[in-house]
Amino acid sequence: MDKELLAMLVCPLCKGKLKYDRETHELRCHFDGLAYPVRDGIPVMLPEEARRMDADEKLPESPGRLGEG
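All of these numbers come straight from a predicted model, not from anything done at the bench.

About the cut-offs
Residues numbered from 1 in each chain as written. Predicted model: local features only at pLDDT ≥ 70, side-chain atom pairs only at ≥ 80, totals over all residues. Heavy atoms only, no water. Helix = DSSP H or I, 4+ residues; strand = E, 2+ residues; numbered from the N terminus. Buried < 20%, exposed > 50% of the residue type's maximum accessible area, 1.4 Å probe, protein only. Polar contact = N/O pair within 3.5 Å; in protein donor to acceptor, adjacent residues only side chain to side chain. Contact = heavy atoms within 4.5 Å. Pairing = 2+ DSSP bridges.

Engineer: Can you explain the side chain of R28? Please cite residues and give values.
Structural biologist: Along the chain, R28 turns up in strand β2 (residues 26-29). Of the residues examined, R28 reaches a relative accessible area of 9% and is grouped as buried. In terms of polar contacts, R28 uses its side chain to reach the side chain of D21, at 3.2 Å. Look past the residues within four positions of R28 in its chain and what remains in contact with it is K17, L18, K19, D21, L34, A35, R51, M53 and E57.

Pasting the structure below:
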């Protein structure tokens, strides 16, 4: 996915940043827990087309997260 395009795209619901998952070809909004598909290189930014992420997918992927608290 083009980095410039990714920098411009935001979640259509919360207007938050999206993270591109290269393995699943999805743009993920961790705040809303939605994963928007990227089909043939085109982001499909429709909430009704988004997949709900499960609880494990919603967690931030920071290396120090487990040791905090």
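Engineer: With reference to specific residues and values, describe the pairing of strand β3 (residues 34-39).
Structural biologist: Looking down a regular strand, the side chains alternate between one sheet face and the other. Of all 6 residues in β3, 5 are buried, a share of seventy percent or more. Both β2 and β3 contribute to a ladder of 4 bridges, which runs antiparallel. Looking at β3, one finds that C29 is bridged to L34. Here β2 folds back onto β3 in antiparallel fashion, the turn holding 4 residues, of which G33 has a positive phi close to 70°. Where β3 meets strand β5 (residues 51-52), 2 bridges bridge the pair, whose relative direction is antiparallel. Each bridged residue has a counterpart across the sheet, and for A35 the counterpart in β5 is R51. As consecutive antiparallel partners, β3 and strand β4 (residues 42-43) are separated by 2 residues, and within that stretch D40 has a phi angle of approximately 55°, a positive value.

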